[in-house]
Amino acid sequence: MARPVWAGVLSFGLVSLPVGLYTATDSHAFHFHQLQRGTSDRVRNRRVNERTGKEVDLDDIVKGFDAGDAYVLVEPSEVDEIAPGRSQSLDITGFVDLEEVDPIFFDKTYYLGPRGKEYGKVYALLEKALAKANRAGVATFVMRGREYLVALKADDDHRILTVHTLHWADEIRDPDREIPDLPGTTKVSAREMKMAEQLISSLSMDWDPETFRDTFQEKVAALIDAKKAGETVEKAEPPAEATGAVDLMEALRASVDQARSHKDTREKATTTAAGSRKKKAAPAKKRITSTAASLQSLTKAELYKKAAAAHVPGRSTMTHDQLAAALTDRAA
C-alpha cells in the first residue's frame, strides 16, 4: 500500500475532511548509473563545500538567498513558522468549469483519499456532488516548502477525487516573446485550407490511451538486451525533411490519400472480423455464452472502447479478461 506524499485537511465551506495525497502516475524512463568511461566505477554526486573541498552532512546545510552583497540564511523551520498550518490545509476557494481552464495550466495529477473509514461519507458526498455538477474545486496548499494552486475533481471511472496541480498565471510564458518565427497573420489559400481539413478528417479517431505505447522505451530496452548479447541494433530512419511552401499542396494531397488508404484497411479488417464473429453466433438461448466468446475474441483496445461506451467503471485499470467479463455482465 502506497504512503501519501502529503497529509492534511481538505476544507470547503465549514466542512473539513482529513485526506492524503497519493502519486497517480509512474514514469517509463530507464535509470542509468554514471560510470567513468573504460571502467565499471560509479560516478557519484556529493554535497561538497566549494571552499574546503570537504563533504557536508545534510543536517549541516541551510538555505541561503543571494542578496548580492551577502547571503540571507533561512532555516527550514522558519519557513513553516511564517505560515502556521498552511502545510496541513487544502482550502477550496470556489468551483469552476474545467473546460474554462486552458490545458497549459495543468502540471501533475495526484489521487486524493480519505484518512480513515469514518470519513468515507463526507468524501463520497464531495466526489458525487462534483461529478454531478461537472465542476472542479480550485484550492491552494503548501507541500515541501512550496505553495501549489490545484484543481480538485471527481474521477468517474474510479469514484475517487483527484488533485491536479496548476501553474500560477505568472509562470506561463508569452509565446510571442519566446518563439522568434511565429507566422502571425500569414495567409493560406482556400485550396490549402480545404486539403488540410480533409487530412484532419481522414485522421480523426476516438481517444483510447490503451492503443498507444512507449515505443522509445521499448527500443531502449531492446538496445540494452542487444548490447548484453553482444549484438548490434539497426539505427532508426532519419527524420523527415521539412515541407517547403512550394511542395505543400502535393504533400497534403499525398497525406490525405495515405490516411484514407489506412482508414479503409482498418475498416475492412473490422468488418471482416465482425462478419466472422456473426457467423459463429450461438442460438438465442445461449446469448450470454455467445456474447462472452465474442468479447473474448476482441483485442483489449476494442474491449476498452465498448467499455467506455457502456460507461463501465474502473475500465482503465482492467485486464482484457476483466473487461470482457464486465461487458458480459452488462449484456446479461
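Scroll up to find the structure.
Let me begin by describing the structure that accompanies this report. (Residues numbered from 1 in each chain as written. Predicted model: local features only at pLDDT ≥ 70, side-chain atom pairs only at ≥ 80, totals over all residues. Heavy atoms only, no water.)

Time to look at the pattern of salt bridges. Any two side chains of opposite charge can pair, given that their charged atoms come close. In total, this model carries five salt bridges according to the counting rule given. Of the charged contacts in the structure, one is a salt bridge between Glu178 and Arg173, with a shortest N-O distance of 3.6 Å. Look at Arg173 and you get exposed, because its relative accessible area is 62%. Across the pair Glu250 and Arg253 runs a salt bridge, and its minimum N-O distance is 3.2 Å. Note that Glu250 and Arg253 are positioned in helix α6 (residues 248–279) at a spacing of three residues, about one turn of the helix. Given a relative accessible area of 31%, Arg253 falls into the partly exposed group. (Salt bridge = Lys/Arg side-chain N within 4 Å of Asp/Glu carboxyl O. Buried < 20%, exposed > 50% of the residue type's maximum accessible area, 1.4 Å probe, protein only. Helix = DSSP H or I, 4+ residues; strand = E, 2+ residues; numbered from the N terminus.)

This brings us to the sheet that holds strand β8 (residues 146–155). Spatially, β1-β2-β6-β9-β8-β7-β5 is the arrangement adopted by the seven strands of the closed barrel, whose pairing is mixed. Across this sheet, the average inter-strand angle for adjacent strands is 40°, counted without regard to direction. Each of β1 (6–12), β2 (15–23), β5 (89–96), β6 (106–114), β7 (136–143), β8 and β9 (160–166) touches helix α2 (residues 120–133); the most contacted strand, β8, lies at about 75° to it. (Pairing = 2+ DSSP bridges. Axes fitted to C-alpha atoms, helices over the stretch in contact; angles between N-to-C directions. Contact = heavy atoms within 4.5 Å.)

The next point concerns the packing of aromatic side chains. Considering all chains together, one arrives at three aromatic pairs under this definition. Pairing Phe141 with Tyr148 gives two aromatic rings, centres 5.7 Å apart and planes at 25°, and the pair type is stacked. In terms of burial, Phe141 and Tyr148 fall into one category: buried. What links up through ring pairs into an aromatic cluster is the set Trp6, Phe141 and Tyr148. (Phe/Tyr/Trp six-rings, centres within 6.5 Å; stacked < 30°, edge-to-face > 60°.)

Secondary-structure assignment places Ile160 in strand β9. On the basis of relative accessibility, which here comes to 21%, the residue Ile160 falls in the partly exposed class. The sequence separation of Ile160 and Glu127 amounts to 33 residues, and the corresponding C-alpha distance is 6.4 Å. Contact partners of Ile160, with chain neighbours within four places excluded, come to Tyr111, Tyr123, Glu127, Lys153, Ala154 and Asp155.

Structural measurements only, silent on function.
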